[in-house]
Each structure stands twice: as C-alpha cells, then as structure tokens.
Amino acid sequence: MKNIFGKITTLEHVLTFFHDGMTLMFGGFGGVGSPPTIIDGILEKGIRNITLIGNDTGFPHIGIGKLVSQERAAKVIASHIGSNPFAGKMMHDGRLEVEFSPQGILAERIRAGGVGLPGILSDIGMDNEIVVTGKQIVAHNGNEYLLETALTAEVSIVYAKKADEYGNLIYDKSARNTNPLVAMAGDITIAEVEEIVPLGGLNPEEIITPGVFVDYVIPTKGVNWRWAWE
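Remember, it's a predicted structure, so these values are computed and weren't measured experimentally. Starting from 1, residues in each chain are numbered consecutively following that chain's sequence as written. Side-chain atom pairs in this predicted model are given and counted only at pLDDT of 80 or more, local residue features only at pLDDT of at least 70, and totals for whole chains, interfaces and linings cover all residues. Side-chain figures throughout are based on the complete set of non-hydrogen atoms in the structure, without hydrogens or water.

Colleague: A description of the side chain of Lys 135 should follow, citing residues and the corresponding values.
Modeller: Going along the chain from the N terminus, every DSSP run of H or I of four or more residues is numbered as a helix, and every run of E of two or more is numbered as a strand. By the element assignment, Lys 135 lies in the loop between helix H6 (129-132) and strand S6 (137-140). Any pair of nitrogen or oxygen atoms within 3.5 Å is treated as a polar contact; in protein, a donor-acceptor pairing is required on top of that, and neighbouring residues in sequence qualify only through side-chain atoms on both sides. From its side chain, Lys 135 meets the backbone oxygen of Val 131 in a polar contact 3.1 Å long. By definition, residues are in contact when any of their heavy atoms lie within 4.5 Å. Contact partners of Lys 135, with chain neighbours within four places excluded, come to Leu 146, Leu 147 and Glu 148.

So, in structure tokens, the structure goes:
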C-alpha cells in the first residue's frame, strides 16, 4: 500500500510522542472504542504522571482503566470513574486528582478545544458546589453562566474501524462514541484502526473524522473490550 502522506506508521514510532507528565486525551466509553494497542504500548514504555482526559476511567483491565489501575495517571478529567474501583480508591487516598465534568459539558469542552474556542458558557450545575468550584461566572443578557474552559492535549488517541492513507476515519457503531471529538483536540492525533485501505476505498458519505485531524495511523493488534457491556 502507498503511504504518500507519511501517516501510516508503527506503534514503535508513535510511542516516541509519549513521555512522563504528558497530557493525553482518549476516545472510548467504558473502554469500548479505546485504542488497546496504544494503551498497552504506553504501559510497556513505563510512562507515568499522565493527565488523562476522556469520558471515564474504563474498567480495571479494559481501556484507559489499565493506566489508571497501574497508577500511571496523576490526574483525570472525566465525567465519571465509577466503573473502575481503583480510580475511586486512589482519589480518596489522595493519589489521583480527579476533575469531574458533566458528560455533555465534557464533550463540548473537547469540541471547543478541537475548533479553537477558549471555552463555552453553560448554566448546567450552577446549583452544584462541586461543579461551580474554581470556575468563573459570566453574566450575559441578565443571566449568569459558568465559563467551561476548552480541553486539548499533547496527544489524542482514538480507535476506528477503517482508515485510508490520508487518515480519514470510519467508526464501528457505538464504538464511535467520543472518538470524533477527541480526534480534533490533540496537538498530535494517533488513530489505531482495524483496517487500512487505499485512497478511494472509503465511502465519502461514511467518513466521520476527516484525515486533516489525524497525524498518524497504526494497525491494531486486536481489542479487549467487546464483551464489556454484554
């Protein structure tokens, strides 16, 4: 297969972008749709003190949860951590900083980061001390809103069913979840995919993430999350 854009590469190459103390954004919902080959590579490389940004902390042995349960994360920005008991214990023990963001707001913060906005205004959670703490309140047209700051990361990792040589991505049903938003918000975006096809091999009407957002594509070694919600 041709690689005229230089995007199709190896796990070993993309792992050079990961380092201790980095900010990492990930796709996935309960582990489903997270890129397991990349996550395992991060574990094997021994990267630590990561700030993780994504929907949740997965399960202990599925998705991003493997990084959390092996204490590779210093901070998590997520909508919930309930499916991973290690995350809750580490938070209560003071070994993991957790910033909670309502799921829809989290998605919009990531979207804002992906399109270059500094943040969004929202009245969701105005009566909740946890949500309001530390946030700027902005008045507009006689109403008050929270300024929810945009989220970006040094590296975004996503999982897709198919990619072409330019990095255009197609996702598999619910495994699509937050991946399209995450793909937009990384300084470097790496897609792990089931199948790589030549240019013209994807139906343009089915492409969800345009390749302009994707820097590198690697083939997956297989997933470990298909049973997670069965």
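And the narrative resumes.
Colleague: I'd like to hear about the environment of Thr 37, residue by residue, with values.
Modeller: Mapped onto the elements of the fold, Thr 37 is located in helix H2 (residues 36-45). For Thr 37 and Gly 6, which are 31 residues apart along the polypeptide, the C-alpha to C-alpha distance reads 20 Å. Apart from residues no more than four positions distant in its own chain, Thr 37 is found in contact with Leu 11, Glu 192, Ile 218, Thr 220, Lys 221 and Gly 222. Here the side chain of Thr 37 touches Glu 192 through a polar contact of 2.9 Å, side chain to side chain.

Colleague: Can you break down the nonpolar core residue by residue, with the values?
Modeller: The set of buried Ala, Val, Leu, Ile, Met, Phe, Trp, Tyr and Cys residues whose side-chain atoms join them within 4.5 Å is what this entry labels a nonpolar core. Accessible area is worked out with a 1.4 Å probe on protein chains only. A residue is then buried under 20% of its type maximum, exposed over 50%, and partly exposed in between. Counting 31 residues, the largest nonpolar core has Phe 18, Leu 24, Ile 42, Leu 52, Leu 67, Ile 157 and Ile 190 as the members making the most contacts within it. Considering each element in turn, this core owes the most residues, four residues, to H2. Once you skip the residues sitting within four places of it in the chain, Ile 42 turns out to touch Leu 15, Phe 18, Leu 24, Ile 47, Ile 50, Leu 67 and Arg 72. Within the second largest apolar cluster, 21 residues are counted, among which are Val 158, Ala 163, Ala 185 and Val 193.

Colleague: I'd like a rundown of unusual backbone geometry, residues and numbers included.
Modeller: A positive phi is found at Asn 49, a non-glycine position, where the angle reads about 55 degrees. The topology assignment puts Asn 49 in the loop between H2 and strand S2 (50-53). Although it is not a glycine, Glu 71 sits at a positive phi angle of roughly 60 degrees. With respect to the helices and strands, Glu 71 occurs in the loop between helix H3 (65-69) and strand S3 (73-78).

Colleague: Pulling in residues and values, what's your account of the side chain of Ser 79?
Modeller: Position of Ser 79 among the secondary structure elements: in the loop between S3 and helix H4 (85-92). The class for Ser 79 is buried, based on a relative accessible area of 18%.

Colleague: Tell me about helix H5 (residues 103-115), and name the residues and values.
Modeller: Helix span, expected: 1.5 Å multiplied by one less than the number of residues in the helix. With 13 residues, H5 should reach 18 Å at 1.5 Å per residue; the first-to-last C-alpha distance of 19 Å fits that figure. Along H5, the residues that are buried comprise Ile 105, Leu 106, Arg 109, Ile 110, Ala 112, Gly 113 and Gly 114. Packing partners of the buried residues in H5 comprise strand S1 (23-26), S3, strand S4 (97-100), strand S5 (119-122), strand S7 (143-149) and helix H7 (179-184). Residue Gly 116 follows H5 closely and has a positive phi angle near 85 degrees.

Colleague: Describe the environment of Thr 209, and please don't skip the residues or the numbers.
Modeller: Positionally, Thr 209 belongs in the loop between strand S10 (186-197) and strand S11 (216-219). Judged by its relative accessible area of 2%, Thr 209 is buried. In contact with Thr 209, other than residues within four places in its own chain, are Gly 167, Asn 168, Leu 169, Tyr 171, Pro 180, Ala 183 and Val 214. For Thr 209, the side chain forms a polar contact with the side chain of Tyr 171, separated by 2.6 Å.

Colleague: Talk me through the sheet that holds S5; I want residue IDs and the actual numbers.
Modeller: Strands qualify as paired when DSSP identifies two bridges or more between them. With respect to topology, three strands assemble into an open sheet ordered S5-S7-S6, the strand pairing being antiparallel. Edge strands, defined here as strands with exactly one partner in the open sheet, are S5 and S6. Strand-to-strand twist across the sheet, computed as the mean angle between neighbouring axes with direction ignored, equals 40 degrees. The angle between two axes is taken between their N-to-C directions and runs from 0 to 180 degrees, where each axis is a line fitted to C-alpha atoms and a helix contributes only its stretch in contact.

Read these as spatial facts, not as claims about activity.
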